[in-house]
Every structure is written in C-alpha cells, then in structure tokens.
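# Breakdown of the fold
One letter stands for each residue in the lines below.
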Amino acid sequence: QVQLVESGGGSVQAGGSLRLSCAASGRTFSSYVVGWFRQAPGKEREFVAAIVWVGGRTYYSDSVKGRFTISRDNAKNTVYLQMASLKSEDTAVYYCAAGRTPLLVTSITPYDYWGQGTQVTVSS
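Residues numbered from 1 in each chain as written. Predicted model: local features only at pLDDT ≥ 70, side-chain atom pairs only at ≥ 80, totals over all residues. Heavy atoms only, no water.

## Regarding unusual backbone geometry
As a reminder, the rule being used: Every helix listed is a DSSP run of H or I at least four residues long, and every strand listed is a run of E at least two residues long, numbered separately from the N terminus. Here the term buried applies to any residue with accessible area under 20% of the maximum for its type, exposed to any over 50%, and partly exposed to those in between, with areas from a 1.4 Å probe on protein chains only.
Phi at Asn77 takes a positive value of approximately 50 degrees, unusual for a residue other than glycine. Structurally, Asn77 is set in the loop between strand 7 (68-73) and strand 8 (78-83). When its relative accessible area of 11% is taken as the criterion, Asn77 is described as buried. If you check the backbone angles, Leu104 has positive phi at about 50 degrees while not being a glycine.

Shown next as structure tokens:
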C-alpha cells in the first residue's frame, strides 16, 4: 500500500510559478511510475506529467510541455512538479498518482494510488 500526500498548491498570478510535491509513505516509489493529473470544475481529470522511477523517463501533456518539469528525489521518496509561466487555464485541483506498470502512463489506467489533491488557482 502506498499513501500519497500532495502539497505546494496555492494562488498565483498568471506568469508566476509554483512547485508541487508528492510524498509517498508506506512503500518507496522504486519500480513505480508517478504521475500528475489535474481536474478543473466541470471537466474530466486530465494527464499533466509522469516520471518512471527507474531510469527517470518523463512524459508531458502538450499543454504543459516546456512550462512544467517533473522530477524525483530518491532520498526523500518525493516527486515534484515545477510549474512556470502559469496560465489561468492551469487552474485546477492537481492530483499525484502512482502505479506499478509504466504503460499507458498518460491515462489513468496504470495508477493504483491517488493523493487527495491540492488546489492551484491562477489569476489573470
């Protein structure tokens, strides 16, 4: 069992930056894929970014590529999402998720564990 806790959300003006953290407890992230998803009011949950723990391969949605960076800290068993050049359309609840199979990582399919979410609000 893996417990995920997100932190770092908040309110920021357009063009600003935030860094989200996803800390795991219960088990380490090794051999997992860890992803970030977001859900805006009235919209479906959508993929943002993912990282495969072994090897560090990363994936990004087209809407955040070049602005967001996903990274990991092995010692802290934590995944980060550095968000820059934020836009109002980035406003959403951001969720961290972990799965044991690094396939179809841009869908919700491989993710077995989810955090409670953290709100990000970008004002224009």
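Now that the structure is up, let's keep going.
## So, the sheet that holds strand 8
The criterion, for reference: Note: two strands are recorded as paired if DSSP finds a minimum of 2 bridges between them. Think of each axis as a best-fit line through the C-alpha atoms, taken over the contacting stretch in the case of a helix, with angles from 0 to 180 degrees between the N-to-C directions.
Read from one edge to the other, the open sheet built from four strands follows the order 1-3-8-7, with strand pairing classed as antiparallel. One side of each edge strand has no neighbouring strand; the edge strands of this open sheet are strand 1 (3-7) and strand 7. Within the sheet, the average angular offset between the axes of one strand and its neighbour, ignoring direction, is 15 degrees. Judged from the five bridges that link them, strand 1 and strand 3 (residues 18-25) form a sheet pairing that is antiparallel. Looking across to strand 3, one finds that Val5 is bridged to Ala23.

## A word on the side chain of Ser61
Here is the rule we go by: Whether two residues touch is decided by their heavy atoms; if any such pair falls within 4.5 Å, the residues are in contact.
Within the secondary structure, Ser61 sits in the loop between strand 6 (58-60) and strand 7. Discounting residues that sit within four places of it in the chain, Ser61 has contacts with Phe47 and Val48.

## Focus: the pairing of strand 11 (residues 118-123)
Of the two faces of strand 11, only the one carrying Thr118, Val120 and Val122 is buried; Gln119, Thr121 and Ser123 on the other face are not. As judged from the four bridges shared by strand 2 (residues 10-13) and strand 11, these two strands associate in the parallel manner. Paired with Gly10 across the bridge in strand 11 is Val120. Inspection of the sheet shows strand 9 (residues 92-99) paired to strand 11 by three bridges, in the antiparallel sense. In the strand pairing of strand 11, Val93 is matched with Gln119.

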